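One letter stands for each residue in the lines below.
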Amino acid sequence: MTSPDDHRAELATRADVDRLLRTFYERAMRDPLLAPVFETLAVVGLEQHLPVVGDFWEQILFRTVRYQGHFGPVHEALHRQHDLTDERFERWLALWCDTVDASFAGVDAERAKSKARAMAAALQRARN
């Protein structure tokens, strides 16, 4: 629950997830360290990618069953192409948490950050 003077909303709906993702991806695509990794989306298509990632995060946060993919192989391919260094993972995580905190508060906002930390750690272990 947010405090009365906290301007941030609860992260509670798919529309919230979509807004969070769009903001995060816009920031990541401008970030000097992350932009080379995310620029592939300019070719593949951000508008096609965001609903898939939205399904993933909706499942993580709200326990839906829309996401049908496997995020591991995609990130393995990105690592082969762009060398997903510890520095890049740390920047991705910091940018994600900052983006969450800028607009959202509450249990699911905290879960979005803790799940991202766990995913980053798992992906880092898998690439070694």
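Residues numbered from 1 in each chain as written. Predicted model: local features only at pLDDT ≥ 70, side-chain atom pairs only at ≥ 80, totals over all residues. Heavy atoms only, no water.

As recorded in an unreviewed UniProt entry, the chain goes by Group III truncated hemoglobin and comes from Rhodococcus parequi.

**Here we look at the overall build of the chain**
Within the chain one finds seven helices and two strands. In sequence order, the chain lays out its α and β elements as β-α-α-α-α-α-α-β-α. Across the 128 residues of the chain, 40% fall into the buried class. Expressed as a percentage of contacts within the chain between residues at least 6 apart in sequence, the contacts between residues at least 24 apart total 72%. Within the structure as shown, the chain displays about 7400 Å² of accessible surface, and the carbon and sulfur contribution to it stands at 56%. (Helix = DSSP H or I, 4+ residues; strand = E, 2+ residues; numbered from the N terminus. Buried < 20%, exposed > 50% of the residue type's maximum accessible area, 1.4 Å probe, protein only. Contact = heavy atoms within 4.5 Å. Areas by Shrake-Rupley, 256 points an atom, 1.4 Å probe, with all protein chains shown as cover.)

**Some remarks on the packing of aromatic side chains**
Geometrically, a pair of aromatic rings is defined through the distance of the ring centres and the angle of the planes. In this structure the tally under the stated criterion is eight aromatic pairs. Taken together, a centroid distance of 5.6 Å and an interplanar angle of 90 degrees make the contact between F24 and Y25 edge-to-face. With a relative accessible area of 8%, Y25 lands in the buried category. Their ring planes at 10 degrees and their centres at 6.4 Å tell us that W92 and W96 sit as a pair that is stacked. Taken together, the residues span about one helical turn, with W92 and W96 both in helix α6 (residues 86-103) at a distance of four residues. Just as W92 is buried, W96 falls in that class too. Here the aromatic residues F24, Y25, F38, F56, W57, W92 and W96 are joined through ring pairs into a cluster of three or more. (Phe/Tyr/Trp six-rings, centres within 6.5 Å; stacked < 30°, edge-to-face > 60°.)

**Describing helix α4 (residues 46-62)**
For α4, built from 17 residues, the straight-helix expectation of 24 Å at 1.5 Å per residue is met to within 8% by its first-to-last C-alpha distance of 23 Å. Along α4, the positions that sit buried rather than exposed are L46, L50, V53, G54, D55, F56, W57, E58 and L61. Following α4 by one or two positions, R63 has its phi on the positive side, about 60 degrees. (Expected span 1.5 Å × (residues − 1).)

**Describing the side chain of R88**
Among the structural elements, R88 can be located in helix α6. With a relative accessible area of 14%, R88 lands in the buried category. Within the structure, R88 has its side chain in polar contact with the backbone oxygen of L33 (distance 3.0 Å). (Polar contact = N/O pair within 3.5 Å; in protein donor to acceptor, adjacent residues only side chain to side chain.)

**Remarks on the nonpolar core**
Counting residues in each nonpolar core, the largest one holds 32 residues, and the members touching the most others are Y25, F38, W57 and W96. Here the element with the most residues in this core is α6; it accounts for seven residues. Every residue in contact with W96, bar those within four places of it in the chain, is listed here: L20, L21, F24, W57, A112, K113 and A116. (Core = buried A, V, L, I, M, F, W, Y, C linked by side-chain atoms within 4.5 Å.)

**Concerning the environment of Y25**
Assignment of secondary structure puts Y25 in helix α1 (residues 14-30). Put simply, Y25 and F38 are 13 residues apart on the chain and 7.9 Å apart in space, counted from C-alpha to C-alpha. Setting aside chain neighbours within four positions, we find Y25 in contact with F38, L41, L46, H49, L50 and V53.

**Examining the packing of α1 against α6**
Two elements in contact, α1 and α6, have axes separated by 10 Å at closest approach and are oriented at 135 degrees. It follows from the interaxial angle that α1 and α6 lie oblique. Handedness of the α1/α6 crossing: right-handed. Contact residues: R19, L20, L21, T23, F24, R27 and A28 in α1; W92, L95, W96, D98, T99, V100 and S103 in α6. (Axes fitted to C-alpha atoms, helices over the stretch in contact; angles between N-to-C directions. Parallel < 35°, antiparallel > 145°, perpendicular 65-115°, else oblique. Left-handed = near helix turned anticlockwise from the far one by under 90°.)

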